[in-house]
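Here is how the chains run, residue by residue.
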Amino acid sequence: MTTESSAADCKQEPSLWGTVLAVQANFYQVQLDAPAEHAGPLRPATLLCTRRARLKKMGQQVMVGDRVALEEPDWDGGRGAIATVAPRHTQLDRPPVANANQILLVFSLTEPDLDPHQLSRFLIKAETTAMAIALVLNKRDLVAPTVVDAWGDRLAAWGYAPIPLSVTCDPVQATLDPYLRDRATIISGPSGVGKSSLINRLIPQAHLRTGRVSGKLGRGRHTTRHVELFQLPGGGLLADTPGFNQPDIDCAPGDLAQYFPEMRQQLGDRPCQFADCLHQGEPGCGVTTDWERYADYLALLATCLDQEQQRQSQGEDHEGMKVKVGEAGQIHHEPRLQAKKYRRVSRRSRQQSLQDLHYEVRDGVDHLDPTAWDEDPSD
Ligand SMILES: Nc1nc2c(ncn2[C@@H]2O[C@H](COP(=O)(O)OP(=O)(O)O)[C@@H](O)[C@H]2O)c(=O)[nH]1
Ligand SMILES: [Mg+2]
Ligand SMILES: [Zn+2]
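The paragraphs below set out a description of the structure included in this document.

Calculation notes
- Residues numbered from 1 in each chain as written.
- Chains lettered and ligands numbered in written order.
- Predicted model: local features only at pLDDT ≥ 70, side-chain atom pairs only at ≥ 80, totals over all residues.
- Heavy atoms only, no water.
- Axes fitted to C-alpha atoms, helices over the stretch in contact; angles between N-to-C directions.
- Helix = DSSP H or I, 4+ residues; strand = E, 2+ residues; numbered from the N terminus.
- Parallel < 35°, antiparallel > 145°, perpendicular 65-115°, else oblique.
- Left-handed = near helix turned anticlockwise from the far one by under 90°.
- Contact = heavy atoms within 4.5 Å.
- Nonpolar A, V, L, I, M, F, W, Y, C, P; charged D, E, K, R; others polar.
- Pairing = 2+ DSSP bridges.
- Phe/Tyr/Trp six-rings, centres within 6.5 Å; stacked < 30°, edge-to-face > 60°.
- Buried < 20%, exposed > 50% of the residue type's maximum accessible area, 1.4 Å probe, protein only.
- Donors = N, O, S within 2.8 Å, 3.2 Å for Na, K, Ca; no water.
- Tetrahedral: all angles 85-135°; square planar, octahedral: opposite > 155°, others 65-115°.

Turning our eyes to something else, we now look at the packing of helix α3 (residues 116–128) against helix α4 (residues 145–158). Contact geometry of α3 with α4 gives a least axis separation of 13 Å together with a crossing angle of 40°. One element, α3, and the other, α4, form an angle in the oblique class. Considering only the axes of α3 and α4, their crossing is right-handed. Contact with α3, carried on its side by Pro116, Leu119, Ser120 and Leu123, involves Trp151, Arg154, Leu155 and Trp158 of α4 and no other residues of that element. Of the residues belonging to the contact of α3 with α4, the class tally is six nonpolar, one polar and one charged.

Put into structure tokens, the structure is as follows:
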């Protein structure tokens, strides 16, 4: 091999990147980016790829949503091989999706009624993932315009700009395109609000069943399945299944304020006197008490403080201590530094948030391996 041709190989390799849309057995459906040098009428939009043995040996898993570099494209056969997996920005385990960067929260204005506390919890949960948040208020065809406006004003005070919508009556694609374009989105929200209907309007190939309330009896009977990402006509990727529908918030008490936009705003304008202020009336606190969700904040803070205390009292023996092997091989337990421990809890709660992005719909088409992960008994 001449130096020239290997230089050419090196040059070609990183230029052929794509996104994994679906995983089936040991094959990966990869949608190619469109660099000019490969463009042409004969080039397919996707390649069916295998994973290089080297990646397998390294234990490098390939997930839906992964950004991958391909080698040896066989344009005529529509095949390729994944040589590199780019580091992930985010990773959800259920559904298994890499690099999702937006949560589209769906609530309905009625049927079921919009419960502000439930909405608040979903929003806070979504904030803990650090992804972008878009909020749809569905079924606007069933309520008076004054109701829509009142919710718009109320949520603006929370720091959100909801998108009123009727999945059944409005041009859904055109309305949501500005929010979905250029992002990889997971839909989330309570039962019955129209999530499956919305996914079906955006991705007709998904064929999700609608109108089913997922109660205890209904759960577990449906087959879990892999998630698949769909390219939306206006650009952007959408997972064909909803994520969490019962958020459970557990975070470091000091992090909680960051999950309320109305507090972020206040803290930006008037930082508190003490860095570890929890904004419950401490001297020099920059947060006022005259906003709607302040009571929610205090209640949630109390829960988070309880949870942290429990972790600390249970965890002192193992998690709170670091193991050190002595010179003679004996094992010491040393208390961790408080600051480190605090960071650790915080990271763990964020990781947990990502893990909690659950599957809700289990009754869609089973065109992909349904046995890839176990159902969560709590789901
Ligand atoms: N009137 C009206 N009904 C809707 C709308 N969107 C969904 N629905 C209905 O609400 C019910 C629940 O919808 P579904 O998509 O299954 O909700 P999911 O549980 O969130 O997936 C179904 O009967 C839908 O037809 C809407 O915009 N307007
Ligand atoms: Mg549904
Ligand atoms: Zn404060």
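Let's shift gears to the sheet that holds strand β11 (residues 184–188). Spatial ordering of the open sheet is given by β10-β9-β8-β11-β13-β12, a layout of six strands whose pairing is mixed. On the outer flanks of this sheet lie β10 (163–164) and β12 (229–231), each paired with one strand and no other. As paired elements, β12 and strand β13 (residues 237–242) share three bridges and run antiparallel to each other. Its bridge partner lying in β13, Leu229 is registered against Ala239. Packed onto the sheet, helix α5 (residues 172–180) meets β8 (102–108), β9 (132–138), β10 and β11 and runs at close to 145° relative to β8. Most of the contacts of helix α6 (residues 195–202) go to β13, to which it runs at about 145°, and overall it touches β8, β11 and β13.

Time to look at the packing of aromatic side chains. Per the counting criterion, the structure on display carries five aromatic pairs. With 6.2 Å between their ring centres and 20° between their planes, Tyr294 and Tyr297 make a pair best called stacked. On the criterion of helical spacing, the pair formed by Tyr294 and Tyr297 is a turn pair, its members being three residues apart in helix α8 (residues 294–315). The burial state of Tyr294 is the same as that of Tyr297; both residues are buried.

What follows is about the coordination of the zinc ion (ligand 3). Within the protein, the zinc ion (ligand 3) binds to Cys272 (SG), Cys277 (SG), His279 (ND1) and Cys285 (SG); these donor distances fall in the range 2.1 to 2.3 Å. Geometry at the zinc ion (ligand 3) is tetrahedral, judged from the four donor atoms that bind it and their angles of 99 to 114° at the metal. Read in sequence order, the donor residues for the zinc ion (ligand 3) give the motif C-x4-C-x1-H-x5-C.

We now examine the pairing of strand β3 (residues 46–51). Burial of β3 is one-sided: the residues Leu47, Cys49 and Arg51 facing one way are buried, the residues Thr46, Leu48 and Thr50 facing the other way are not. When strand β2 (residues 27–32) meets β3, the two strands line up antiparallel, connected through four bridges. The partner of Gln29 across the bridge, within β3, is Leu48. By the bridge criterion, four bridges tie β3 to strand β5 (residues 79–85) in an arrangement that is parallel. Paired with Thr50 across the bridge in β5 is Ala81.

Of all eight residues in strand β1 (residues 17–24), six are buried, a share of seventy percent or more. Pairing analysis gives three bridges linking β1 to strand β4 (residues 67–74), with the strands arranged antiparallel. Residue pairing for β4: Thr19 is matched across the bridge by Arg67. With six bridges joining them, β1 and β2 adopt antiparallel strand pairing.

To continue, consider unusual backbone geometry. At the junction of Glu111 and Pro112, the peptide bond is cis and its omega measures out at 0° in the coordinates. Structurally, the position occupied by Pro112 is in the loop between β8 and α3. With a phi close to 50°, Ala25 is a non-glycine residue in the positive phi region. With respect to the helices and strands, Ala25 occurs in the loop between β1 and β2. Judged by its relative accessible area of 59%, Ala25 falls in the exposed class. With a phi angle near 45°, Glu72 is a residue other than glycine that sits in the positive phi range. Along the polypeptide, Glu72 turns up in strand β4.

It is worth stressing that arrangement in space is one thing and function is another; only the former is reported here.
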